[in-house]
Amino acid sequence: MKKNLIVFALLSSFFVKAFAGDFNLLGKQNLFHLTFAREAVLLGGGAAVAAGGFTMSKIVKFNQKEFDGSLKDKSTVPVFDQLFMAKYSKGLDVTCDILRIGILAAPVALFGFTEDMEEWFTIGTMYAESLLWTYGLTEILKVCVNRARPYMYYEGAPSKDLESGDWNNSFPSGHTSICFAAAAFSSYVYAMYNPGDNMKWLVTGVSFGLAAGVGAMRMAGGCHYFTDVFTGALIGTVSGFIIPWIHTIQPSPKKNRGADLAVSPAGFYFTLRK
């Protein structure tokens, strides 16, 4: 029982000390800073937006329409979007699903091998925030903007999408937004940690190249228009860059208030900073 209390106290000390002020203990290079107030807004707000988007699209099914059984009129689509319209391709759809998983996992592997363990929590927190905001904003736009997918103008639309109502949620591209968020995040954070390393250009090129490839395949597979992909890329890129950039802003010393909890063989110690 005593051992469990000590472990609990050590963990409590870690989190209380961390969120009481700047996360300097997790950032030896002092590049990124986590604070309680900042993470409450970015992480809490991102989680709320993501949960709202998920609820609206998957549970409430807000603003969804039933398929009436007829093909759509291609002439109603803007000319620049008609250029990239295509029939549904299950192969490309599945390929994009697989690539999305790989691209999302890439930053975990990249920073797991290039940065010290002390940096992982900071990087992981920022990455989670970027993905939550990207996903949430994308899903909310999807349910608020009704747009039939390109494959609805051809024969062979996937029955699962017709049944679920996803056929009418083309704008913007979720695959593209989340992949570009991962690409932008990886590129920016790696460059910040390794400003003099030419590998940063390779990381940027490969990351954005893979994300762009996913966007291209979403169009080639009949799942999205060019404007869907472009908007998704914009949302993801902004989220992937701006979240870690915000964390480069040093917290004000006046706001570095909070409390520290520590444990030693002699007992517990609690310090309040005003």
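It should be noted that the structure appears before, not after, this text.
Described below are features of the structure shown in this document. What you are looking at is a predicted structure, and each value in this text was computed from that prediction instead of being measured.

Digging into helix H9 (residues 226–246)
- Relative to the 30 Å expected for 21 residues at 1.5 Å per residue, H9 spans 30 Å between its end C-alpha atoms, a close match to the ideal helical length.
- Considered for burial, the residues of H9 that qualify are Asp-228, Val-229, Thr-231, Gly-232, Ala-233, Ile-235, Gly-236, Thr-237, Ser-239, Gly-240, Ile-243 and Pro-244.
- Elements in contact with the buried residues of H9: helix H2 (36–59), helix H5 (117–144), helix H7 (174–193) and helix H8 (199–220).

What about the pattern of salt bridges?
- Taken as a whole, this structure holds six salt bridges when the rule is applied.
- When the shortest N-O distance is used, the salt bridge between Asp-93 and Arg-218 registers 2.8 Å. Residue Asp-93 is located in helix H4 (residues 90–114), and its partner Arg-218 is located in helix H8; the two are separated by 125 residues in the primary sequence.
- A residue is classified by how much of its surface remains accessible, and Asp-93, at 9% relative accessible area, is buried.
- Judged by its relative accessible area of 5%, Arg-218 falls in the buried class.
- Asp-166 serves as the salt-bridge partner of Arg-149, at 3.0 Å between the closest nitrogen and oxygen. Linking Arg-149 in the loop between H5 and helix H6 (159–164) with Asp-166 in the loop between H6 and H7, this pair joins segments that are 17 residues apart in sequence.
- Linked through salt bridges whose partners overlap, the residues forming this network are Asp-81, Arg-147 and Asp-228.

Things to note about the layout of surface pockets
- For the largest pocket, the calculated volume is near 540 Å³.
- As for the largest pocket, its lining consists of 27 residues, of which Lys-58, Glu-139, Lys-142, Arg-149 and Asp-166 are closest to the centre.
- For the lining of the largest pocket, the secondary-structure elements that each account for two or more residues are H2, H4, H5, H6 and H7.
- Counting residues per element, the lining of the largest pocket draws most heavily on H5, which supplies five residues.
- Here the residues of the lining of the largest pocket sort into five nonpolar, ten polar and twelve charged.

Examining the nonpolar core
- Formed by 26 residues in total, the largest nonpolar core has its most connected members in Phe-32, Phe-111, Met-126, Cys-179, Phe-185 and Val-189.
- Put simply, the parts of the chain that give this core at least two residues each are H4, H5, H7, H8 and H9.
- A per-element tally of this core places H7 first, with eleven residues.
- Residues contacting Val-189, with those up to four places away along its chain left out, are Phe-32, Phe-111 and Pro-244.
- In this structure, Ala-148, Tyr-151, Trp-167 and Cys-223 belong to the second largest nonpolar core, which totals six residues.

Rules of the game
- Residues numbered from 1 in each chain as written.
- Predicted model: local features only at pLDDT ≥ 70, side-chain atom pairs only at ≥ 80, totals over all residues.
- Heavy atoms only, no water.
- Helix = DSSP H or I, 4+ residues; strand = E, 2+ residues; numbered from the N terminus.
- Expected span 1.5 Å × (residues − 1).
- Buried < 20%, exposed > 50% of the residue type's maximum accessible area, 1.4 Å probe, protein only.
- Contact = heavy atoms within 4.5 Å.
- Salt bridge = Lys/Arg side-chain N within 4 Å of Asp/Glu carboxyl O.
- 1 Å grid on protein atoms, 1.4 Å probe; cavity = no way out; pocket = protein on both sides within 12 Å on 5 of 7 lines; lining within 4 Å.
- Points joined across faces, edges and corners; volume = space filled by probe spheres on them.
- Nonpolar A, V, L, I, M, F, W, Y, C, P; charged D, E, K, R; others polar.
- Core = buried A, V, L, I, M, F, W, Y, C linked by side-chain atoms within 4.5 Å.

Nothing here speaks to function; it is all geometry.
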